[in-house]
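Each chain, letter by letter, is given below.
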Amino acid sequence: MEQTFTEEELTLPTCKYEYLDHTADVQLHAWGDSLQEAFEQCGLAMFGYMTELPTVEIQQRSEIKATGHDMESLLFHFLDELLFLFSCEPFLICNKLVITEFITDGEELSITCSCYGEEFTLGKHPQGTEVKAITYSAMQIVNEPKNKQFEVYVIIDI
């Protein structure tokens, strides 16, 4: 089934992430104008480690949901759901993530995210480094609205 997208859906976000060296793994550092955007950027950083994102076209949209009991577990499960999306058919590699629901109050925190991209295809998409797992090791979430500082640090197992 062919999907159609609006011009807004086809507009890609500005890159707001970097990769930091870590012994035998890599640390993702992402930021944004809100904590929600920092989470989105962290997901894009993970996909960017797997392939060169400029080679990815928006041809498909999937939706994921993640829950957690605190902000760290919410970020962990969000990234884990994105990794699962890539690891199962149709092996979706995303170059745009839009969190449509970001519930950070109450007993159960949750995220709903629209994931835009296409099926990973060798030959079209350069093979980067395989991401084996998300880790809690040295995970940091900076959520300081007064200072307009929203950042996340996550180590991924490669």
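Residues numbered from 1 in each chain as written. Predicted model: local features only at pLDDT ≥ 70, side-chain atom pairs only at ≥ 80, totals over all residues. Heavy atoms only, no water.

(A) Here's a closer look at the pairing of strand E2 (residues 25-32). In terms of residue burial, E2 counts as a mostly covered element, since 6 of its 8 residues are buried. Bridge count for strand E1 (residues 17-22) against E2 is 6 bridges, and the pairing is antiparallel. Across the sheet, the residue bridging to His22 is Asp25, located in E2. Remark: 2 residues form the turn of the hairpin made by E1 and E2, two consecutive strands paired antiparallel; Ala24 in that turn has positive phi of roughly 65 degrees. Judged from the 7 bridges that link them, E2 and strand E8 (residues 149-157) form a sheet pairing that is antiparallel. Residue pairing for E8: Gln27 is matched across the bridge by Ile155. (Buried < 20%, exposed > 50% of the residue type's maximum accessible area, 1.4 Å probe, protein only. Helix = DSSP H or I, 4+ residues; strand = E, 2+ residues; numbered from the N terminus. Pairing = 2+ DSSP bridges.)

(B) Broad picture of the UniProt feature "domain: Archease" (unreviewed entry) in the protein. In the UniProt entry, the feature "domain: Archease" (unreviewed entry) is given for residues 17-158. The straight-line gap between the two end C-alpha atoms of residues 17-158 is 18 Å; of that span, 23% is helix and 44% is strand. (UniProt positions renumbered as here; feature names shortened; annotations may be inferred.)

(C) A look at the side chain of Glu9. By the element assignment, Glu9 lies in helix H1 (residues 7-10). Exposure remark for Glu9: the relative accessible area of 15% places this residue in the buried category. Among the polar contacts made by the side chain of Glu9, one reaches the side chain of Tyr116 at a distance of 3.0 Å. Setting aside residues no more than four positions away along its own chain, Glu9 makes contact with Thr4, Ile58, Arg61, Lys96 and Tyr116. (Polar contact = N/O pair within 3.5 Å; in protein donor to acceptor, adjacent residues only side chain to side chain. Contact = heavy atoms within 4.5 Å.)

(D) Region of the structure containing the environment of Ile103. Among the secondary structure elements, Ile103 is positioned in strand E4 (residues 92-103). By relative accessible area, which is 35% here, Ile103 ends up partly exposed. Placed 46 residues apart in sequence, Ile103 and Gln149 show a C-alpha to C-alpha distance of 19 Å. In contact with Ile103, other than residues within four places in its own chain, are Leu74, Glu108, Leu109 and Ser110.

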